[in-house]
Amino acid sequence: MNLPFDPIERAHDNWTRRWGASPAMAAVTSVMRAQQILIGELDGALKPFGLTFARYEALVLLTFSASGSLPLGKIGERLMVHPTSVTNTIDRLEGQGFVRRRPNPSDGRGVLADITDTGRAVTEEATRALLGMDFGLGCYSDEELWRMHETFTKLRVDFGDFPEPVSGAAEGR
């Protein structure tokens with residue numbers, strides 16, 4: 001885009017003249033634009049692997065599982081997405097040979113997603129690519145990134161994603 005001005009600042013100036021200053025409006029608009037930028041960068045880096053960031057997250061989650069498999073409901077819960085999104089993601093990954101579905105032996109009605117050896121390999125390659133580009137956040141120091149994480153943790157706790165962390169639990173980074 002390379003505009004000669006910050007359109008969010010301009011929008012906030014106009015907003016202020018009409019309704020009064022709103023740091024919240026400027027912040028949320030900035031967060032939404034940052035999300036657009038990052039999804040574009042991350043999906044671009046993952047495209048050579050046939051992945052989107054959403055599919056990559058599902059593969060990583062399966063990689064973190066001791067058995068390499070999880071029930072679809074648990075995947076949705078951990079990724080904080082709607083069951084329909086999980087189904088679509090697993091459909092795509094299964095079509096690519098990165099996961100396979102199988103009946104859940106612990107739940108006669110449930111389905112497990114298993115990561116395949118091909119899925120593990122592509123996860124490793126894609127992870128190297130994302131680490132190589134600092135997940136699109138290379139303009140920030142580690143300290144700034146941890147502060148950003150902590151800032152969004154407060155929002156997520158406030159909206160009920162999880163309980164407030166015990167003080168000092170994040171130490172040892």
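As recorded in an unreviewed UniProt entry, the protein chain goes by the name MarR family transcriptional regulator, listed as coming from Streptomonospora nanhaiensis.

A. Geometry of the environment of D6. Inspection of the secondary structure assignment puts D6 in the segment before α1 (7-19). The partly exposed category is assigned to D6, whose relative accessible area is 41%. On a C-alpha basis, the gap between D6 and F64 in space is 40 Å, while along the polypeptide they are 58 residues apart.

B. Structural context of the layout of surface pockets. Of the volumes computed, that of the largest pocket is approximately 1700 Å³. In terms of lining, the largest pocket is formed by 33 residues, of which the most central are L38, F53, E57, L137 and F152. Those elements that place two or more of their residues in the lining of the largest pocket are α2 (23-46), α3 (53-64), α4 (72-79) and α7 (142-158).

C. How the structure looks around the side chain of R55. Along the polypeptide, R55 turns up in helix α3. Among buried charged residues, R55 stands out as having no salt bridge; its nearest opposite-charge side chain is D43, 7.6 Å away. Of note is the side chain of R55, whose polar atom sits 3.2 Å from the side chain of Q96. Excluding residues within four positions of it along the chain, R55 makes contact with G50, T89, R92, L93 and Q96.

D. Representation of the UniProt feature "domain: HTH marR-type" (unreviewed entry) in the protein chain. As recorded in UniProt, the sites labelled "domain: HTH marR-type" (unreviewed entry) are residues 21-157. Within residues 21-157, the helical portion is 65% and the strand portion 9%, while the C-alpha atoms at the span's ends are 26 Å from each other.

E. Summary view of the pattern of salt bridges. Overall, the coordinates contain seven salt bridges when judged by the stated rule. Among the salt bridges present, the one from K74 reaches E77, with a minimum N-O distance of 3.5 Å. Of this pair, K74 and E77 both sit in helix α4, three residues apart, roughly one helical turn. A salt bridge links D91 to R101, with the nearest nitrogen and oxygen atoms 2.7 Å apart.

F. Here's a closer look at the side chain of S65. You can see S65 is positioned in the loop between α3 and β1 (69-71). Classification of S65 by relative accessible area gives buried; the value is 15%. There is a polar contact of 2.9 Å between the side chain of S65 and the backbone oxygen of S69.

G. Just the pairing of strand β3 (residues 111-115), in detail. For β3, a buried count of four out of five residues is recorded, marking the element as mostly surrounded by other parts of the structure. The sheet contact formed by β1 and β3 spans three bridges and is antiparallel. In the sheet register, P71 faces β3, and the bridge partner there is L112. Bridge analysis of strand β2 (residues 99-103) against β3 gives five bridges, and the strand direction is antiparallel. Across the sheet, residue V99 finds its bridge partner in β3, namely I115.

H. Inspection of the nonpolar core at higher detail. Of all hydrophobic cores here, the largest spans 24 residues; its most connected members are L51, Y56, L59, I75, I90 and L93. Contributing elements (two or more residues each) for this core: α2, α3, α4, α5 (83-95), β3 and α6 (117-132). What Y56 contacts, discounting residues up to four positions off in sequence, is L46, L51, T123, A126, T127, L130 and F135.

Here is what the cut-offs are and how they apply
Residues numbered from 1 in each chain as written. Predicted model: local features only at pLDDT ≥ 70, side-chain atom pairs only at ≥ 80, totals over all residues. Heavy atoms only, no water. Helix = DSSP H or I, 4+ residues; strand = E, 2+ residues; numbered from the N terminus. Buried < 20%, exposed > 50% of the residue type's maximum accessible area, 1.4 Å probe, protein only. 1 Å grid on protein atoms, 1.4 Å probe; cavity = no way out; pocket = protein on both sides within 12 Å on 5 of 7 lines; lining within 4 Å. Points joined across faces, edges and corners; volume = space filled by probe spheres on them. Lys, Arg positive; Asp, Glu negative; His and termini not counted. Salt bridge = Lys/Arg side-chain N within 4 Å of Asp/Glu carboxyl O. Polar contact = N/O pair within 3.5 Å; in protein donor to acceptor, adjacent residues only side chain to side chain. Contact = heavy atoms within 4.5 Å. UniProt positions renumbered as here; feature names shortened; annotations may be inferred. Pairing = 2+ DSSP bridges. Core = buried A, V, L, I, M, F, W, Y, C linked by side-chain atoms within 4.5 Å.

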